[in-house]
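Coordinate analysis (summary)
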Amino acid sequence: MAELGRGGDADAILARVYWAGVDVGGKRKGFHVAVVASSSRGLQLSLNGHVAGRDAAAAVLSLLERFSPRVVAVDSPRRPAPVGETQRPCEHSLTAAVRCGITGTRDEDTIAARQDHYYEWIQEGWKLYETLEQAPSWTVIECFPTATWARLDRVRPRDVSRERWSEDILQQKLVEPGLLGGLPTRRNQDLRDAIGAAYTARLYSQRGKTETFTCPDCDLLPHCGIVVPRLASRPA
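Residues numbered from 1 in each chain as written. Predicted model: local features only at pLDDT ≥ 70, side-chain atom pairs only at ≥ 80, totals over all residues. Heavy atoms only, no water.

Across its full length, the chain holds eight helices and nine strands. For 236 residues, the compact-globule estimate of 2.2 N^0.38 gives 18 Å, and the C-alpha radius of gyration of the chain, at 17 Å, lies within 12% of that figure. C-alpha extents for the chain along the principal axes are approximately 50 × 40 × 35 Å. Excluding contacts between residues fewer than 6 apart, the proportion of contacts in the chain whose partners are at least 24 apart in sequence is 63%. Taken as a whole, the chain presents about 11700 Å² of accessible surface, with 47% of it coming from carbon and sulfur. Averaging the locations of the 31 positively and 29 negatively charged side chains of the chain gives two centres separated by 7 Å. (Helix = DSSP H or I, 4+ residues; strand = E, 2+ residues; numbered from the N terminus. Rg over C-alpha atoms; globule rule 2.2 N^0.38 Å. Contact = heavy atoms within 4.5 Å. Areas by Shrake-Rupley, 256 points an atom, 1.4 Å probe, with all protein chains shown as cover. Lys, Arg positive; Asp, Glu negative; His and termini not counted. Charge placed at Lys NZ, Arg CZ, Asp CG, Glu CD.)

Here we come to the pattern of salt bridges. A full pass over the atoms with the stated rule returns 14 salt bridges. Here K127 and E124 are joined by a salt bridge, their closest N and O atoms 3.0 Å apart. In this pair, K127 and E124 both sit in helix α5 (residues 120–132), three residues apart, roughly one turn of the helix. For the salt bridge of R162 with D193, the shortest nitrogen-to-oxygen distance reads 2.5 Å. Pair noted here: R162 is in helix α7 (residues 162–175) and D193 is in helix α8 (residues 189–204), with a separation of 31 residues, a long-range link. Among the ionic contacts, a cluster of salt bridges with common partners joins D23, K29 and D190. (Salt bridge = Lys/Arg side-chain N within 4 Å of Asp/Glu carboxyl O.)

Let us now look at α7. Between its first and last C-alpha, α7 extends 18 Å over 14 residues, near the 20 Å set by a 1.5 Å rise per residue. Taken together, the buried positions of α7 are W165, S166, E167, I169, L170 and L174. (Expected span 1.5 Å × (residues − 1). Buried < 20%, exposed > 50% of the residue type's maximum accessible area, 1.4 Å probe, protein only.)

As a further point, take the packing of α7 against α8. At their nearest, the axes of α7 and α8 sit 10 Å apart, and the two run at 45° to each other. The pairing of α7 with α8 is recorded here as oblique in orientation. Read as a crossing pair, α7 and α8 show a hand that is left-handed. Where α7 approaches α8, its residues R162, E163, S166, E167, L170 and L174 are matched on the opposing element by Q189, R192, D193, I195 and Y199. Class assignment of the residues belonging to the contact of α7 with α8 gives a composition of four nonpolar, two polar and five charged. (Axes fitted to C-alpha atoms, helices over the stretch in contact; angles between N-to-C directions. Parallel < 35°, antiparallel > 145°, perpendicular 65-115°, else oblique. Left-handed = near helix turned anticlockwise from the far one by under 90°. Nonpolar A, V, L, I, M, F, W, Y, C, P; charged D, E, K, R; others polar.)

Here's what the structure looks like:
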């Protein structure tokens, strides 16, 4: 199943530079995909897509191949925690630096042992990473949009819902200043997080605009770690 919003003709697609973000869910929820493009008016949303079902990861790959984004940022853990641990070292470091409330990723055996689909979204994320890494034309990174929103503005107050908080930051820091356009009037949390991921991908392409929280063995994998905007990269 695929639902798409916005797009463009082939000539326009080839003439622009793109970055993508993916919000990850379980098999029923699927993936929400946002693609942003460079333009004379700042960034423009070029794709707002949702795919779900058995071949959802392959469907995301097919969507993104139309745009060949430079960077794809995925809102999902790239790897499990070390054996016996309840979070990854990169998550611990990120929490200390940003206070964004990230939930620790368990080790692989713990995730596999759950029978109630609680960790299904993580397993679907692993499938997506594996599928996206088949394409040599782009860089795949891990992100956490809640940390992106916090770095672009502020940590969420306890009395403000995540939906209102992230929407206010998206509107005030990206839309109203003209840094990002083409968004639908109605947008849910999944789309906002996909957009936050895509914006993180864009910043990752700019030298010094992001910070990466890594694990001790991250040097074994290219582009490993959780990527967030640097404090200095907050929009004006």
